[in-house]
Amino acid sequence: KALQVIFPNGSRWCRKKSKIQYTRENLKTFWDNGCTFVIPIMQQLNRVMWNQVDEFEKYWGVGQANIYTSKKKDAYCFPIHADSTDNFLFHVDGKIRWHLYKETKMDLGTSYPDESEVTLEDIVELDAGDLLYLPIGKFHKAEPLEARISISYHFNKGKPNKYPYRREWINWMP
């Protein structure tokens, strides 16, 4: 239900929150045209991912797993931005280039700077099996070099667990 689509202008549609509800045909067209799809909170649908998030939470605080996938090279992704969580990006399939910037959200006071406001610090290319750690507030941008699947594990060390029932959630799964 929480499927998200990232459009060419960087905006995103969320199935759960949007008043607009697209058909399967619309979603197929978005996919074919190079939009990135995000499937958030995947750990609630997969026991292995649940166990991974559970282990990470022992050290990194409350978290979740999101899957990012796109069908082709140069798929539309988020513009340069900084997240409010620490991120571990496990690249599962395909190849992707990450642009990492010197400035942080704390330096600029915004989550979405213009490209002219940030200085490129590094470019990292990930292949299947690679891992990239992005600390909280680090500006970054992804550039798919081919069809790809990535899993992003987001964690916030200082955030209390406002969902104490999560431990029981996994028990219903087969």
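Anything mentioned here points back to the structure above.
Colleague: Would you mind showing me how to read the nonpolar core here?
Modeller: The nonpolar side chains of a soluble globular protein tend to be buried, and buried together. Counting residues in each nonpolar core, the largest one holds 10 residues, listed as Met42, Met49, Val53, Phe56, Ala65, Ile67, Phe88, Ile151, Tyr153 and Phe155. Dropping the residues within four chain positions of it, Met42 is found in contact with Met49, Ala65 and Ile67. Counting residues in hydrophobic clusters, the runner-up holds 9 residues, among them Cys77, Trp98, Leu100 and Ala142.

Colleague: Please explain the packing of aromatic side chains as it appears in this structure.
Modeller: One pair of aromatic rings is described through two measures. These are the centre distance and the angle between the planes. Taken as a whole and judged by the stated rule, the model has 13 aromatic pairs. Arranged with centres 4.9 Å apart and planes meeting at 75°, the rings of Trp60 and Phe88 form a pair that is edge-to-face. Note that Trp60 is positioned in helix α2 (residues 47–60) and Phe88 in strand β5 (residues 86–93), a separation of 28 residues in sequence. Given a relative accessible area of 24%, Trp60 falls into the partly exposed group. Classification of Phe88 as buried rests on a relative accessible area of 11%. Ring pairs connect the aromatic residues Phe56, Trp60, Phe88, Phe90, Tyr133, Tyr153 and Phe155, which therefore count as one cluster.

Colleague: How should the pairing of strand β3 (residues 36–39) be read in this particular structure?
Modeller: In terms of strand pairing, strand β1 (residues 4–6) meets β3 through 3 bridges, oriented antiparallel. The residue of β3 that forms the bridge with Ile6 is Thr36. Relative to strand β4 (residues 62–70), β3 runs antiparallel, the two sharing 3 bridges. Within β4, the position partnered with Phe37 by the bridge is Thr69.

Colleague: Help me understand the side chain of Ser70, please; the structure alone is not making it clear to me.
Modeller: The topology assignment puts Ser70 in strand β4. Excluding residues that lie within four positions of it along the chain, Ser70 makes contacts with Trp31, Cys35, Thr36, Ala75, Pro144, Ala147 and Arg148.

Colleague: Mind showing me how you'd approach the pairing of β4 here?
Modeller: The side chains of a regular strand alternate, first on one face of the sheet and then on the other. The buried fraction of β4 is high, at 8 of 9 residues. Sheet topology note: the β4/strand β10 (residues 148–156) ladder contains 9 bridges and is antiparallel. Directly across from Gly63, in β10, lies its bridge partner Phe155.

Colleague: Help me out: how do you make sense of the side chain of Lys138 in this one?
Modeller: Topologically, Lys138 is positioned in strand β9 (residues 138–144). Sequence-distant contacts of Lys138, defined by excluding residues within four places in its chain, comprise His81, Ala82, Asp83, Leu100, Tyr101, Lys102 and Glu121.

Colleague: I keep staring at the pattern of salt bridges and nothing clicks. Help me out?
Modeller: It is possible for side chains bearing opposite charge to pair when their charged atoms get close. Using the criterion set out here, one finds 9 salt bridges in the structure. One salt bridge in this structure joins Glu125 and Lys95, with 3.6 Å as the shortest N-O distance. In this pair, Glu125 is assigned in strand β7 (residues 120–127) and Lys95 in strand β6 (residues 95–104), connecting sequence segments 30 residues apart. On the accessibility criterion, Glu125 (36% relative accessible area) is partly exposed. A salt bridge links Arg97 to Glu125; the shortest N-O distance between them is 2.7 Å. With Arg97 in strand β6 and Glu125 in strand β7, this pair connects stretches of sequence that are 28 residues apart.

Colleague: It is not clear to me how α2 should be interpreted in this structure. Could you clarify?
Modeller: Within an α-helix, residues lying three or four positions from one another point in the same direction, as the helix has 3.6 residues per turn. The terminal C-alpha atoms of α2, which comprises 14 residues, lie 19 Å apart, in line with the 20 Å expected from a rise of 1.5 Å per residue. Taken together, the buried positions of α2 are occupied by Met49, Trp50, Val53, Phe56 and Glu57. Buried positions in α2, seen along its axis, are confined to an arc of 130° and lie on one side of it. Of the exposed residues in α2, the ones pointing more than 90 degrees away from its buried face are Val48, Lys58 and Tyr59.

Cut-offs and rules
Residue numbering note: each chain is counted from 1, following its sequence as written. Restriction of local features to residues with pLDDT of at least 70 applies here, the model being predicted, together with a cutoff of 80 or more for giving and counting side-chain atom pairs; totals for whole chains, interfaces and linings are based on all residues. The basis for every side-chain value is the complete set of non-hydrogen atoms in the structure, without hydrogens or water. Here the nonpolar core consists of buried residues drawn from Ala, Val, Leu, Ile, Met, Phe, Trp, Tyr and Cys, with membership extended through side-chain atoms lying within 4.5 Å. For each residue, the accessible area found with a 1.4 Å probe, counting protein chains only, is set against the maximum for its type, and the residue is called buried under 20%, exposed over 50%, and partly exposed in between. Residues count as neighbours in contact if any of their non-hydrogen atoms are within 4.5 Å of one another. Geometry of aromatic contacts follows a simple scheme: Phe, Tyr and Trp rings, the Trp one being its six-membered ring, pair when their centres are within 6.5 Å, and the pair is stacked under 30 degrees between planes, edge-to-face over 60, tilted otherwise. Helix and strand labels come from DSSP, where a helix needs a run of H or I of at least four residues and a strand needs a run of E of at least two; each type is numbered from the N terminus. Paired strands, in this sense, are two strands between which DSSP finds at least two bridges. Salt bridges are defined as contacts in which a side-chain nitrogen from Lys or Arg sits within 4 Å of a carboxyl oxygen from Asp or Glu. The span one expects for a helix is its residue count, reduced by one, times 1.5 Å. Each C-beta atom gives one direction from the helix axis, and the arc is the one those directions make.

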